[in-house]
Amino acid sequence: MTVAVTMFSGGRGAAAISRSLLHTPGVELSLVINGYDNGLSTGALRRHLPGMLGPSDFRKNFALHLDPADPAQAALSSVLEHRLPEGATTGALIEAVGERRGPFAALPRQIRDAVVADLCAFARWSATAGLDLADCAVGNLVFVGAYLRHGADFNAAVDSCARMVGSPVRLLNVTNGENAFLVALKRDGELLADEADIVAPQNATPITDLFLLREPPDARLRAELAELPPSWTREVLARGRAEITPNPRALEALGDADLIVYGPGTPHSSLLPSYLTPGVADAIADNRAAAKVFVVNTRHDHDVRGLTATDLVDRTLAYLGDPGNERRLVTHVLSHRAEHPGGANHRGTTLTPDAPMVPQDVLDRGEWAGARWVVADLAEPGRAGAHSGERTVEALLAIRGEAALARAR
């Protein structure tokens, strides 16, 4: 029997889970991702090409799902992740591909020709852009070329790159590709002015708000906001919200899923922004057949300092517009149970030394916000803070099976 799984994901946070799902017989996997990343080289590409979302998380997933045991796929993964050195030029890059030098040596001809086509499209644009290629991932440049070849259609570029790499996963941008810039506001009023700031080391004051803006805040606006109380800052940022629309194929994947997974990762950059997309909550709510499972991180990220595991569930529900979970957008929460807990206090238990704390009363009740709280050993042996893909998928499919059996009674 085929099980359709749709998982909200980022670049690498749920990599082990998605790889294990792909290797599970009978599973058809769709990943729903957003394009708001704007790290160093990705941010430079977005600044030089106004209107384009960030390709990095899509590139990372293409590379993650290639088979390292297959020489051609291993070579392609190496190419996508290859970072260019200081002084690199587009011309030299295309020449290296054509002559099969360096990381391009083992590429099959058909894939090499596709890479060259996209890099040539990138070269025609970059000749006038004045872009420094140092530290750019080749996969990002290939994506930009595909974006330009497809008339600045971001989702068409995703599909084009997926065909080129023979991706085994259905990779879907959550929106129709409208450009937007992610910013966050902390409880003390500090503005995290882009996605790179959100994932960077920061103080322990929690993030309280996320905004998707039409334009990134410039230095003048940042200075003005720094003088305002947080409530006023929220109003100013709200007036600059971008208009985004949902990708119909992402909504279809959510509506048709047997299992919907809110995957682990960096919540305020990779996951929560996706839930702001209009139509997403309705598609999840309308799917009455799916188990809808929130997977708790097994480690803290910089953006969740000061937040517990239950806080993260609450944030997900709030950004989906259902803070009380009245629409049953989350039916289960799955968290890791360590054999030897990392510590405890009167409020709850930290199940690994660096994981979001789960309140003890939630563990005792086995419930939060109307969702069943499931605890299992999800850790990858020998890798602190990493999910075991095999163990997590086993737990997810068990939840799905139990939910299906309960509905059948």
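See the structure shown above.
What counts, and where the lines are drawn
- Residues numbered from 1 in each chain as written.
- Predicted model: local features only at pLDDT ≥ 70, side-chain atom pairs only at ≥ 80, totals over all residues.
- Heavy atoms only, no water.
- Helix = DSSP H or I, 4+ residues; strand = E, 2+ residues; numbered from the N terminus.
- Rg over C-alpha atoms; globule rule 2.2 N^0.38 Å.
- Buried < 20%, exposed > 50% of the residue type's maximum accessible area, 1.4 Å probe, protein only.
- Contact = heavy atoms within 4.5 Å.
- Areas by Shrake-Rupley, 256 points an atom, 1.4 Å probe, with all protein chains shown as cover.
- Pairing = 2+ DSSP bridges.
- Axes fitted to C-alpha atoms, helices over the stretch in contact; angles between N-to-C directions.
- Salt bridge = Lys/Arg side-chain N within 4 Å of Asp/Glu carboxyl O.
- Lys, Arg positive; Asp, Glu negative; His and termini not counted.
- Polar contact = N/O pair within 3.5 Å; in protein donor to acceptor, adjacent residues only side chain to side chain.

Trainee: Would you mind going over the overall build of the protein chain with me for this structure?
Mentor: Scanning the protein chain from terminus to terminus reveals 17 helices and 14 strands. For the protein chain, whose C-alpha radius of gyration is 21 Å, the value lies close to the compact-globule estimate of 22 Å for 409 residues. Seen through its principal axes, the protein chain has C-alpha atoms that stretch 65 × 55 × 40 Å. The proportion of buried residues among the 409 residues of the protein chain is 55%. When contacts within the protein chain are restricted to residue pairs at least 6 apart in sequence, those whose partners lie at least 24 apart make up 71%. As presented, the protein chain carries roughly 17200 Å² of accessible surface, and 51% of it is formed by carbon and sulfur atoms.

Trainee: Please explain the sheet that holds strand 4 (residues 181-186) as it appears in this structure.
Mentor: Neighbouring strands of a sheet are bound in pairs by backbone hydrogen bonds; such pairs are parallel or else antiparallel. Spatially, the 3 strands line up as an open sheet ordered 5-4-6, and their pairing is antiparallel. Of all the strands in the sheet, just strand 5 (191-192) and strand 6 (207-213) have a single pairing partner and so form its edges. With 2 bridges connecting them, strand 4 and strand 5 associate as antiparallel partners. Within strand 5, the position partnered with Leu185 by the bridge is Leu191. Together, strand 4 and strand 6 form the strand contacts of helix 13 (residues 267-275), whose direction differs from that of strand 6 by roughly 65°.

Trainee: Can you help me understand the pattern of salt bridges in this one?
Mentor: Between side chains of opposite charge, a pair can form as their charged atoms come close. Scanning the entire structure with this criterion turns up 17 salt bridges. Arg109 is paired through a salt bridge with Asp113; the nearest N and O atoms lie 3.8 Å apart. Of this pair, Arg109 and Asp113 both sit in helix 6 (residues 109-126), separated by 4 residues, roughly a single helical turn. Exposure remark for Arg109: the relative accessible area of 61% places this residue in the exposed category. The salt bridge involving Asp361 is made with Arg365; its shortest N-O contact spans 3.1 Å. Here Asp361 and its partner Arg365 are both found in helix 16 (residues 360-365), 4 residues apart, which amounts to about one turn of the helix.

Trainee: Teacher, can you tell me more about the sheet that holds strand 3 (residues 170-173) here?
Mentor: Read across the sheet, 8 strands follow the order 3-2-1-7-8-9-14-13 without closing on themselves; strand pairing throughout is mixed. Two strands in the sheet have a free side with no partner beyond their single neighbour: strand 3 and strand 13 (367-368). Across 5 bridges, strand 9 (residues 332-336) lies against strand 14 (residues 371-376) in parallel orientation. Along strand 14, the bridge assignment pairs Val333 with Trp373. Sitting on the sheet, helix 3 (residues 56-64) touches strand 2 (27-33) and strand 3, and the angle it makes with strand 3 is about 175°.

Trainee: For this particular structure, what's the right way to read the side chain of Asp322?
Mentor: Here Asp322 shows up in the loop between helix 15 (309-319) and strand 9. As a buried residue without a salt bridge, Asp322 has its nearest oppositely charged side chain in Arg327, at a separation of 5.6 Å. Polar side-chain contacts of Asp322 include one of 2.9 Å to the backbone nitrogen of Arg327. Apart from the residues lying within four places of it in its own chain, the contact partners of Asp322 are Leu317, Arg327, Arg328 and Leu329.

Trainee: Would you explain unusual backbone geometry in this entry?
Mentor: Across the chain, the bulk of peptide bonds are trans and the bulk of non-glycine residues have phi less than zero. In this structure, Arg100 is a non-glycine residue whose phi angle is positive, near 55°. Take Arg100: it is sitting in the loop between helix 5 (90-98) and helix 6. Judged by relative accessible area, which is 38%, Arg100 ranks as partly exposed. In this structure, Asn325 takes a positive phi of about 55° despite not being glycine. Relative to the helices and strands, Asn325 is located in the loop between helix 15 and strand 9.

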